[in-house]
Structure formats: C-alpha cells, structure tokens
Amino acid sequence: METVAELQQQIRELKQQKRALILAHNYQVPEVQQIADVVGDSLALARAAAARPEELVVFCGVHFMAETAAILCPEKRILLPDPEAGCSLADSLTPEQLREWKARHPGAVVVAYINTSAAVKAESDWVCTSANARAVIEAIPPEQEILFVPDMFLGAWLRAQTGRRIRLWMGECHVHAAMRFEDIRAALQRYPEAEFLIHPECGCMSATLYACAEGSLEGRPLVVASTDGMLRYVRGSAAEEFIVGTEVGLLYRLQQENPGKRFYPLKPDAICPYMKRITLEKVLRSLQEEVFPITVPEDIARRARRALERMLAL
Ligand code: 13P
Ligand code: SF4
C-alpha cells in the first residue's frame, strides 16, 4: 500500500501533466487540503472555479459544490472524486417542494443557500453563501417578502440581523443542527479566556441569538461567520484561544495558519460524513480515469446561473 506522501506525489505529477486544478473545501481531511491549489469556503471555491484557467477541475467537496462549478463553467470538465458525497441540507428541499411553496406566496423573492441542488437554484432568484447572505438580503428591496431556503437556522439569523420579512424553510444540516446551546454553555465554562466562533448553520443559533439579546453571553465576543470568515477573524484577533462552532475539519487550517493559538471544537464529533468520503486514493483515481464528471442539463444550468451570477456580481 502506498504512503500518504507517495499518493500525494502521484497526484501532484498527474495534476501537472493534465493541467488540472484541485479545489478543496475547508472541511476536507488534511492530506487532501495539502494537495489542493485552492482551499476555501463555498464562496471562495465557486469564485475560483469560475476565475481559474484550468479546464479540468477536481472538486474535493460535496455534490452541490461541484454542480455549482459546472453551472458557472459549462465549458470545463468538473470531477467529483466520490459521487456519493452529498449533503443532508441540500437534500432537505426538492424543486417540486419549492415550486409548491412559491405558488403559495406569489410575488415573494426566493433566496437559496448555495447548499441546494442545481434544480432548486434554477427555481430561485438569488443564491447566497454564509459569507454573503446578509449582503444578498440587503440587496433586495425592503418591501419584498423573502422565501429563504433551505437552512432554517441561517434564515432565522438573517431575519434577526436584518429585521426583514423572511419566511423559513425548515431544513437543516444534520452536523450543525446537532450543536446545542448546552454545548456552548459547557464550552464557555471550560475555556473562560476563549473567543467564540459560530457558523450560522448551527442548531444553537436561535438560542444563542436569544441569549445575546438577554445578555447572557455578555462579555464574550460572539463571531457568526462562514468558514473563511472564521479564518479571517482569527488572523486579525489578538486572542490566543478560540472555541470553534463548526465542522472539525476547519481546525486543521486554523492551526496551520496560527501555530501560536489554541482552538477547541465546540463539538468534537461534529464530522461531516460526506466531506470525509473524499480520500487521496479517490482523488488519484479521479485524475487518472477522469471520474466522476458532474454535469447539469443546460435549461436548468441557464436558470441557476442567473441566480448565482447575481450573487457573484455583488
Ligand atoms: P461555508 O460556505 O462556510 O464553507 O459552509 C459550507 C458548508 O457546507 C457548511 O456546512
Ligand atoms: Fe452539508 Fe452539513 Fe456536510 Fe456542510 S457539513 S456539506 S451542510 S451535511
């Protein structure tokens, strides 16, 4: 059996030979992040897929991310090393359900979180990620009613932040939804000096917002951010310890970039099984055999692209 270093070397050689681009999400395992050209959050990876010149792209992430790249770059060949790398949040809404919901609220603007299928994006007016969701909501005329899909926690946070009329779809990510307010209480007690970072998909978001309004998180900075937003915040912070409320894969990059600081996962078992399906062996096979190509039918891609490009133009 080959070692990690041997597999990485083979991947690097083949990548160069085929002039391929490797993109990896912040939740990927460390050895996969190490061979990527770009590591980032959903927004950064969508931008990189569109901006980079390479025509062959290996997407180390989950299905909706590769689909997003395929929508934005129909001329490129987008590969997902494991076609079973899905997303429980994206699965919580079908295009039929969205069409039916829209019919009950004619005139409302639909904002879809990027964690949705291409067919759901095609039914939406805007796409957003956790990094730009607030800016997207604020770009919509204030009198407009908004249908926000599919993450109820991110939607509730946006409603509290902007005071806008936002209806929520009751979808959730099973990894982030499992983070409860009791986990926060315990972590805050355990690490009294640490700053607290939380992803807006977390199940504890609603209770956290309520507690902030009541003042019970007073004195402890609360940073709600996307995964890249957390990385940026930590770079600029003078604090030495951080509680990280998201999937544990982010801790690798946080630690690499900030060797002098300490990071504590809010929930050490917050592991996305879909992200972890991508291994070095599968990345190598993906490059060798050019599997598994992700394509989107042109009529769906055209409509989904409109909503995505609106977001990217912000
Ligand atoms: P980010 O856009 O913050 O990377 O989040 C994507 C995701 O799937 C979170 O679970
Ligand atoms: Fe989907 Fe949750 Fe995994 Fe992100 S962490 S890819 S939202 S299942």
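Our structure is the block above this text.
Predicted model only: the values in this text are computed from it and were never measured. Starting from 1, residues in each chain are numbered consecutively following that chain's sequence as written. All chains are assigned letters beginning at A, and all ligands numbers beginning at 1, according to the order in which they are written. Reporting of local features is limited, given that this is a predicted model, to residues whose pLDDT is at least 70; pairs of side-chain atoms are given and counted only at 80 or more, and all residues count toward the totals for whole chains, interfaces and linings. Side-chain numbers come from the whole structure's heavy atoms, not from hydrogens or water.

### Quick look at the environment of P83
Secondary structure elements follow DSSP: runs of H or I of four or more residues count as helices, runs of E of two or more count as strands, with numbering from the N terminus. Along the chain, the position of P83 falls in the loop between strand 4 (77-79) and helix 5 (95-104). Distance from P83 to T116, taken between C-alpha atoms, is 16 Å for residues 33 residues apart in sequence.

### Details of the site of ligand 2
Close contacts around ligand 2 come from Y27, V62, C87, S88, N115, C173, H176, E201, C272, Y274 and M275, and that covers them all. The way it works is a 1 Å grid over only the protein atoms, where trapped points that fit a 1.4 Å probe form a cavity and open points with protein on both sides within 12 Å along at least five of seven lines form a pocket, and then any residue with an atom within 4 Å of a point lines it. Here the criterion for a molecule occupying a pocket or cavity is that more than half of its atoms lie within 2 Å of the pocket grid points. Placement of ligand 2 is best described as lying within the largest cavity. Whether a residue is near a molecule or strand depends on its heavy atoms: if one lies within 4 Å, it is near.

### Side note on the sheet that holds strand 11 (residues 241-245)
Strands qualify as paired when DSSP identifies two bridges or more between them. With parallel pairing, four strands are arranged side by side in an open sheet as 10-9-11-12. Both outer strands of the open sheet, strand 10 (222-224) and strand 12 (262-265), are each paired with one neighbouring strand and no more. The average undirected angle you get between the axes of adjacent strands in this sheet is 25 degrees. Where strand 9 (residues 195-198) lies against strand 11, four bridges are found, and the strand directions are parallel. Residue pairing across strands places I198 opposite G245, the latter belonging to strand 11. Its contacts with the sheet place helix 13 (residues 250-257) against strand 11 and strand 12, and it is angled at close to 170 degrees to strand 12. Between N-to-C directions, angles span 0 to 180 degrees; the directions come from axes that are lines fitted to C-alpha atoms, helices contributing only their stretch in contact. Two residues qualify as a contact provided that any one of their heavy atoms is within 4.5 Å of a heavy atom in the partner residue.

### Let's talk about the sheet that holds strand 6 (residues 126-128)
Each strand in a sheet pairs with another by means of backbone hydrogen bonds, the pair being arranged parallel or else antiparallel. One open sheet accounts for four strands, arranged 6-5-7-8; its pairing is parallel. The sheet is open, and its two edges are formed by strand 6 and strand 8 (166-168), each paired on a single side. Going across the sheet, the axis of each strand differs from the next one's by a mean of 30 degrees, ignoring polarity. Across four bridges, strand 5 (residues 109-113) lies against strand 7 (residues 146-149) in parallel orientation. The residue bridging A112 from the neighbouring strand is V149, located in strand 7. Strands in contact with helix 5 are strand 5, strand 7 and strand 8; relative to strand 7, the strand with the most contacts, it is inclined by about 165 degrees. Contacting strand 5, strand 7 and strand 8, helix 8 (residues 152-162) runs over the sheet at an angle of about 160 degrees to strand 8.

### Some points on empty space enclosed by the protein
Grid points are joined across faces, edges and corners, and a volume is the space filled by probe spheres set on the points. Enumeration over the complete set of coordinates arrives at two cavities of 30 Å³ or more. What lines the largest cavity is a set of 25 residues, among which Y27, N115, H176, E201 and M275 lie closest to the centre. When contributions to the lining of the largest cavity are tallied by element, the ones reaching two or more residues are helix 4 (63-72) and helix 9 (174-177). Looking at the lining of the largest cavity, the element that brings in the most residues is helix 9, giving three residues. For the lining of the largest cavity, the residue count by class is 11 nonpolar, 11 polar and three charged. Each pocket or cavity is described by its volume, and for the second largest cavity that value is around 40 Å³. Each residue receives one of three labels: charged for Asp, Glu, Lys and Arg, nonpolar for Ala, Val, Leu, Ile, Met, Phe, Trp, Tyr, Cys and Pro, and polar for the others, Gly being one of them.

Bear in mind that shape data such as this cannot, by itself, settle questions of function.
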